[in-house]
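Overview (structure and organization)
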Amino acid sequence: MAKGIALVMRVRGMEQELTEFAEFYESTREDCLRIVLLNVGDRDLAQDLVAEAYTRAWVSWRKVRALEVPRAWVVRIALNTHVSSWRRRRREVALGDHDTAMHVEEATAVSGDLLAALRRLPARQREVVTLRLLLDMDTETTARVLGIAPGTVSAHLHQAVAKLRAAIPSHYGQEISK
Amino acid sequence: MNDSDTVDIVRDCLTTAKDSLAGVHVNTPLDTIVRNGRARRRRHRLTGLTGAIAVTAGIALAVSALALSGHPASQSGHSASHPLIARLAAWTVAKQANGDITITIRELSDPSRLQSTLRGDGVPATVSPSTQFDPSCQPYPMTQALFTSIYHAQKGVGSGNTVLVIHPSALPNGAGIQIGASLDGRAGDQALRQVAGNQTVHQLVHQVAALAGNSVLRVGLVYASQQCTGS
């Protein structure tokens, strides 16, 4: 009897976990995909990276759901997975699928220089920009997520923003600051 | 303009870029994520058994290696019409009398051993488990015609397993083969459909997906080198 009750409770717990994860996936996946896409520039690659990151999130859901910002974890995993990825197009089989290759510069309304500058940033600076500016996290939360001091976050952001600002047409800043 | 203004400008530009991607949507269904995650959890739980399986596979390979190296007890079983076969739990490599190599794949595990086996059969090869790939390898320029002259995929007779046939004689000088698995079926499916025909591709994708989560076999060509393909 006791075993039966334990089994029922366990099944309910699993169902609850799945429901939670499904809600998380539904509410965060599009934003995460677009952030990863801005960082890697290749639509197919971004899809793969995000799928992999969410799969890992589900595998470790009990740990991930307890995090302060689970979607930040997903984005970081996706971007870290990008390293050594053999899906970089230069290594792919040439099968004439160039028409389907969609690079983000073609779809965005901003200068490709800015996105190129974003991708050239050192990994830590890019992480800070992603968390602070794209995921809109504050300095303290970003510091906790990355395991570094708030001052270090600010320093990385300052350096990264200086590089990114140089890639933005000057008139853009003037319009903003008016 | 102070630092805060600059941050605001960059934030605004990046947000604009992100918002302009509103037409881009995730194409992986929740079911696929959950299914792959569960398969991965099961594999983690079975990690303890992997060692024992590896030992068994190693013994099987050793037996095959003895046969291939001309062990008297097995030499009589070989003839021009009977392929030389190396067997492992996850895959089987057979060298046919005409020089073709057939790889029957149940799961793309133990890639380093598959790589060694192929190299042992005289095929310059690099095999990677998934997204990890040897950075020393450089892609070899390739047309679709060249690709299809080297590779074709089929369904194993009776077994339902994926069979990849390689024609080493069609390899250009200086080229080697590349085998790996993609994270999901989409890209591999599209790529293989173009070279192998819809029916074969669907079988291939299905069989690999059934045994190794949703991963799909990916093949290509690289420049042969000692570091990348062993020769």
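Quick summary incoming for the structure in this document. (Residues numbered from 1 in each chain as written. Chains lettered and ligands numbered in written order. Predicted model: local features only at pLDDT ≥ 70, side-chain atom pairs only at ≥ 80, totals over all residues.)

Concerning the overall build of chain A
What counts is decided by this rule: Working definition: helices are DSSP H or I runs of at least four residues, strands are E runs of at least two. Numbering for both runs from the N terminus. Residue burial here comes from a neighbour count, namely the number of other C-beta atoms, placed from the backbone, that lie within 10 Å of the residue's own C-beta, with 20 or more meaning buried, 12 or fewer meaning exposed, and in between meaning partly exposed. Any pair of residues counts as being in contact when their C-beta atoms, constructed from backbone geometry, are within 7 Å of one another.
What chain A contains, in helices and strands, is ten helices and zero strands. Going from N to C terminus, chain A has its helices and strands arranged as α-α-α-α-α-α-α-α-α-α. Per-residue burial over chain A gives 37% buried out of 178 residues. For chain A, the proportion of contacts with a sequence separation of at least 24, taken over those separated by at least 6, is 68%.

So, helix α5 (residues 111–120) of chain B
Note: α-helices contain 3.6 residues per turn, so residues at a spacing of three or four share the same orientation. Residues and elements named next belong to chain B. Which entries qualify depends on this criterion: Throughout, the arc means the angular range of directions from the helix axis out to the C-beta atoms.
Restricting attention to buried positions, one finds in α5 the residues Leu114, Gln115, Thr117 and Leu118. Taken end-on, α5 shows its buried residues confined to a sector of 165 degrees, consistent with a single buried face. Phi turns positive, to about 85 degrees, at Gly122, one or two residues after α5.

Things to note about the packing of helix α8 (residues 139–146) of chain A against helix α9 (residues 150–166) of chain A
All names here are of chain A. Let me state the cut-off plainly: Every axis in this analysis is a line fitted to C-alpha atoms, fitted for helices over the stretch in contact. Angles between the N-to-C directions lie between 0 and 180 degrees. Put simply, angles under 35 degrees are roughly parallel, angles over 145 are roughly antiparallel, angles from 65 to 115 are roughly perpendicular, and the rest are oblique. When residue character is reported, Ala, Val, Leu, Ile, Met, Phe, Trp, Tyr, Cys and Pro are called nonpolar, Asp, Glu, Lys and Arg charged, and the others, Gly included, polar.
Running from N to C, α8 and α9 cross one another at 105 degrees; their axes reach a closest spacing of 8 Å. One finds that α8 runs roughly perpendicular with respect to α9. Here Thr139, Glu140, Thr142 and Ala143 of α8 lie close against α9, whose contacting residues are Pro150, Val153 and Ser154. Each residue belonging to the contact of α8 with α9 can be placed in one class, and the counts come to three nonpolar, three polar and one charged.

Describing unusual backbone geometry
The phi dihedral of Asp136 of chain A is positive, around 60 degrees, even though this residue is not glycine. Within the element layout of this structure, Asp136 of chain A appears in the loop between α7 (123–134) and α8.

Some points on the environment of Glu68 of chain A
Residue and element names in this part refer to chain A. Mapping Glu68 onto the fold places it in the loop between α3 (61–64) and α4 (70–82). Considered as a pair, Glu68 and Val145 are 77 residues apart in the sequence and their alpha carbons are 7.8 Å apart. With residues up to four places along the chain from it excluded, the contact list for Glu68 reads Thr141, Arg144 and Val145.

Topic: the nonpolar core
Just so we agree on the cut-off: To form a nonpolar core, buried Ala, Val, Leu, Ile, Met, Phe, Trp, Tyr and Cys residues must be joined through C-beta atoms within 7 Å. Source of the domain bounds: an automatic or database domain assignment.
In this structure, Val36, Val50, Tyr54 and Ala78 of chain A are the most contacted members of the largest nonpolar core, which totals 46 residues. Two domains each provide a minimum of three residues to this core, namely domain 1 (1–108) and domain 2 (110–178) of chain A. Not counting the four nearest positions on each side in its chain, Tyr54 of chain A is found in contact with Tyr25, Arg29 and Val74 of chain A together with Ile33 of chain B. Core analysis: the next-biggest nonpolar cluster, separate from the first, contains 24 residues, Trp91, Val123, Leu164 and Ile166 of chain B among them.

As for helix α6 (residues 112–120) of chain A
Residue and element names in this part refer to chain A. Listing the buried residues of α6 in full gives Leu114, Leu115 and Leu118. Looking down the long axis of α6, one finds its buried residues gathered within 95 degrees of arc, a one-sided arrangement. Summarising the geometry of α6, the exposed residues directed more than 90 degrees from the buried face are Ala116 and Arg120.

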